[in-house]
Amino acid sequence: MDLRNRTLGEFIIENQSSFKYSTGELSKLINAIRLAAKVVNHEVNKAGLVDILGASGDINVQGEGQQKLDVLANEKFIQTLKNREIVCGIASEEEEGFITINSNDKNHQNKYVVLIDPLDGSSNIDVNVSVGTIFSIYRRITPVGTPVTMEDFLQPGINQVAAGYIIYGTSTMLVYTTGDGVNGFTLNPAIGTFYLSHPDMKFPETGRIYSINEGNYVHFPQGVKNYIKYCQKEEDDRPYTSRYIGSLVSDFHRNMIKGGIYMYPKSSIASNGKLRLLYECNPVAFLAEQANGKATDGHGRILEIKPSELHQRVPFFCGSKKMVDKVMEFIAEQ
Ligand SMILES: O=P(O)(O)OC[C@H]1O[C@](O)(COP(=O)(O)O)[C@@H](O)[C@@H]1O
Ligand SMILES: [Mg+2]
Ligand SMILES: [Mg+2]
């Protein structure tokens, strides 16, 4: 049978047993994310036709202006997860605090918390450049049946049981891992079904693409500046190609397929960089490592960072192993 025939729904069921905590609950959760992804995809695709482009006029907890699609995607994911009664808590880039979900069914005690970046790459929404959604899933650590606490969300990335993203691009894809490799599914818009199109995705060991906002060059630490110069030097297989979409999901996706490195370092204008540990760096780092790539804050493994705040930021370097090792060398030299 041609693998492309396999739908995401079938794949989830078939692979349920490979998940060590398998009770079917995580499968239901991934299915709920699949449903919310289709709803948001529908809105994104017709964004120019209805009044959902532009700013909502509100400022989120990050102090950033919220786009209307940030708000809409946030609502759709939270609503879908709430309605399906499979999570006990949700945290989101667009919500200051976490949301507690109390199960109405006393016999059914939910075990999972979900952290989401409902719309990643917000600056690209109005200009029709690909954007995404990022999700991270943990088993709660507080007793089942009690309200979730901050402790359930502030877990190191190594505790993730699943993570993934949806990319709303030339085609819409859902890419995820449950700790057993990374698989990508493409939406067939004609029938609204995701099909396995990218089985067992792997980062090439090295690559020739570097992704960083060079507009901030003057503010970067010397080690990062030296690495950029190294990428641009005419020597061996260099200069590398500079590609920066400005949507983490899209830059990561391209680099995972072609080989490359994405960087959002700390700088004199952003002391911890820009990206959020819990719902951007941890899920992407889990995917990277499951695809033979690497993710670091410049010094150590992203997944081993013990979070202290829901919306904390960390410097982020992620991609092909040899390229991440190289930038860490340059940073260590400084
Ligand atoms: O415009 P900058 O400073 O280069 O930042 C771009 C980065 O910020 C982000 O847009 C942050 O994510 P959000 O859009 O979810 O806030 C990343 O997707 C992207 O890589
Ligand atoms: Mg984001
Ligand atoms: Mg976002």
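Residues numbered from 1 in each chain as written. Chains lettered and ligands numbered in written order. Predicted model: local features only at pLDDT ≥ 70, side-chain atom pairs only at ≥ 80, totals over all residues. Heavy atoms only, no water.

An unreviewed UniProt entry lists the chain under the name Fructose-1,6-bisphosphatase class 1, with Abyssalbus ytuae as the source organism. Annotation of the chain in UniProt includes, under Catalytic activity (unreviewed entry), the sentence "beta-D-fructose 1,6-bisphosphate + H2O = beta-D-fructose 6-phosphate + phosphate". Under the UniProt heading Subunit (unreviewed entry), the entry covering the chain gives this text: "Homotetramer." (UniProt positions renumbered as here; feature names shortened; annotations may be inferred.)

(A) Looking closely at the UniProt feature "binding site: Mg(2+) 1" (unreviewed entry) in the chain. Within this structure's numbering, the places UniProt gives as "binding site: Mg(2+) 1" (unreviewed entry) are Glu93, Asp117 and Leu119. What stands out for the annotated residues spanning 27 residues is how close their C-alpha atoms remain, the widest pair being 8.8 Å apart. From the list above, the largest pocket is lined by Glu93 and Leu119. The residue glutamate 93 is located in the loop between strand S3 (87–92) and strand S4 (99–100) in this model. (1 Å grid on protein atoms, 1.4 Å probe; cavity = no way out; pocket = protein on both sides within 12 Å on 5 of 7 lines; lining within 4 Å. Helix = DSSP H or I, 4+ residues; strand = E, 2+ residues; numbered from the N terminus.)

(B) Highlighting the coordination of the magnesium ion (ligand 3). The protein atoms that coordinate the magnesium ion (ligand 3) are Glu93 (OE), Asp117 (OD) and Leu119 (O), at distances spanning 2.0 to 2.2 Å. Between the magnesium ion (ligand 3) and the magnesium ion (ligand 2), both coordinated by aspartate 117, there is a metal-metal distance of 3.7 Å. Residue classification places aspartate 117 among the buried positions, given a relative accessible area of 0%. (Donors = N, O, S within 2.8 Å, 3.2 Å for Na, K, Ca; no water. Buried < 20%, exposed > 50% of the residue type's maximum accessible area, 1.4 Å probe, protein only.)

(C) View of the pairing of strand S6 (residues 131–139). Of all 9 residues in S6, 8 are buried, a share of seventy percent or more. Pairing analysis gives 7 bridges linking strand S5 (residues 112–120) to S6, with the strands arranged antiparallel. Looking across to S6, one finds that aspartate 117 is bridged to isoleucine 134. The sheet contact formed by S6 and strand S7 (residues 162–168) spans 7 bridges and is antiparallel. By the bridge assignment, serine 136 is partnered in S7 with alanine 163. (Pairing = 2+ DSSP bridges.)

(D) Spatial organisation of the pattern of salt bridges. Under the definition given, this model contains 17 salt bridges. The closest approach of N and O atoms between glutamate 43 and lysine 46, which form a salt bridge, is 3.3 Å. With a relative accessible area of 15%, glutamate 43 lands in the buried category. A relative accessible area of 24% means that lysine 46 is categorised as partly exposed. Across the pair arginine 301 and glutamate 304 runs a salt bridge whose closest N-O atoms are separated by 2.7 Å. The exposure class assigned to arginine 301 is partly exposed, which follows from its relative accessible area of 33%. Taken together, the shared-partner salt bridges in this structure form one network comprising Glu64, Glu93, Arg276, Glu280 and Arg313. (Salt bridge = Lys/Arg side-chain N within 4 Å of Asp/Glu carboxyl O.)

(E) Geometry of the layout of surface pockets. Size it by volume and the largest pocket reaches roughly 370 Å³. Forming the walls of the largest pocket are 23 residues, and the residues nearest its centre are Gly121, Ser122, Ser123, Gly246 and Lys274. Going through the elements one at a time, strand S2 (65–67), S5 and strand S13 (261–264) are the ones with two or more residues in the lining of the largest pocket. For the lining of the largest pocket, the per-class residue count stands at 6 nonpolar, 9 polar and 8 charged. Split by domain, the residues of the lining of the largest pocket number at least three in each of domain 1 (3–198) and domain 2 (209–333). As a volume, the second largest pocket reaches approximately 280 Å³. Here the lining of the second largest pocket is built from residues that sort into 8 nonpolar, 6 polar and 1 charged. (Points joined across faces, edges and corners; volume = space filled by probe spheres on them. Nonpolar A, V, L, I, M, F, W, Y, C, P; charged D, E, K, R; others polar. Domains from an automatic or database assignment.)

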